[in-house]
Amino acid sequence: MKESLNDTRPEDSIDYVAFETSDRFVNLQRRRRRFVVPMAVFFLVWYFAYVLVAAYLPDVMARPVFGSINLGLVLGLGQFVTTFAITIWYVAFSNRVLDPLGAELRAELEAKVAA
């Protein structure tokens, strides 16, 4: 005895599939992806370049930059700086662009639920 989901859905419920394919929701997802994908690719390339240089070119990483601080240490700390910078940049982008779009969509859904 299988019941179809369409048979159990109340008449006044929201069609979330249609909502997810709406232009405004698709635009929100597209704008998020246009930021996240390039940043993820950039960071992964930067991270794997660091790991590969450390593994296969240890002499490069051992070059002194100043005093007893070598290039490997500077680049390793740069990994942390990059992580925090990307996070700060994403939060600013989200607050400025994504959150207002998401708030509009949420208000639209809440209005449909209340109706």
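This structure is a prediction, so every number in the text was calculated from the model and none was measured.

Rules used in this analysis
Residues numbered from 1 in each chain as written. Predicted model: local features only at pLDDT ≥ 70, side-chain atom pairs only at ≥ 80, totals over all residues. Heavy atoms only, no water. UniProt positions renumbered as here; feature names shortened; annotations may be inferred. Helix = DSSP H or I, 4+ residues; strand = E, 2+ residues; numbered from the N terminus. Patch = residues over 30% accessible without salt bridge, like charges linked within 9 Å, V, L, I, M, F, W, Y side chains within 5 Å. Areas by Shrake-Rupley, 256 points an atom, 1.4 Å probe, with all protein chains shown as cover. Salt bridge = Lys/Arg side-chain N within 4 Å of Asp/Glu carboxyl O. Lys, Arg positive; Asp, Glu negative; His and termini not counted. Charge placed at Lys NZ, Arg CZ, Asp CG, Glu CD. Buried < 20%, exposed > 50% of the residue type's maximum accessible area, 1.4 Å probe, protein only. Axes fitted to C-alpha atoms, helices over the stretch in contact; angles between N-to-C directions. Parallel < 35°, antiparallel > 145°, perpendicular 65-115°, else oblique. Nonpolar A, V, L, I, M, F, W, Y, C, P; charged D, E, K, R; others polar.

The next subject is the UniProt feature "transmembrane region" (unreviewed entry) in the protein. Within the UniProt annotation, "transmembrane region" (unreviewed entry) is assigned to residues 35–57 and 69–92. Helix makes up 96% of residues 35–57 and strand 0%, and the two end C-alpha atoms of the span are 32 Å apart.

Below, the discussion takes up a positive patch on the surface. Together, R30, R32, R33 and R34 make up a region of like positive charge exposed at the surface. Within the secondary structure layout, R30 lies in helix α3 (residues 23–56). Since its relative accessible area comes to 41%, R30 is described here as partly exposed.

A word on the packing of α3 against helix α5 (residues 71–114). Axis separation between α3 and α5 bottoms out at 10 Å; the angle between their running directions is 175°. One finds that α3 runs roughly antiparallel with respect to α5. Residues of the contact of α3 with α5, tallied by class, amount to 19 nonpolar, 8 polar and 5 charged.

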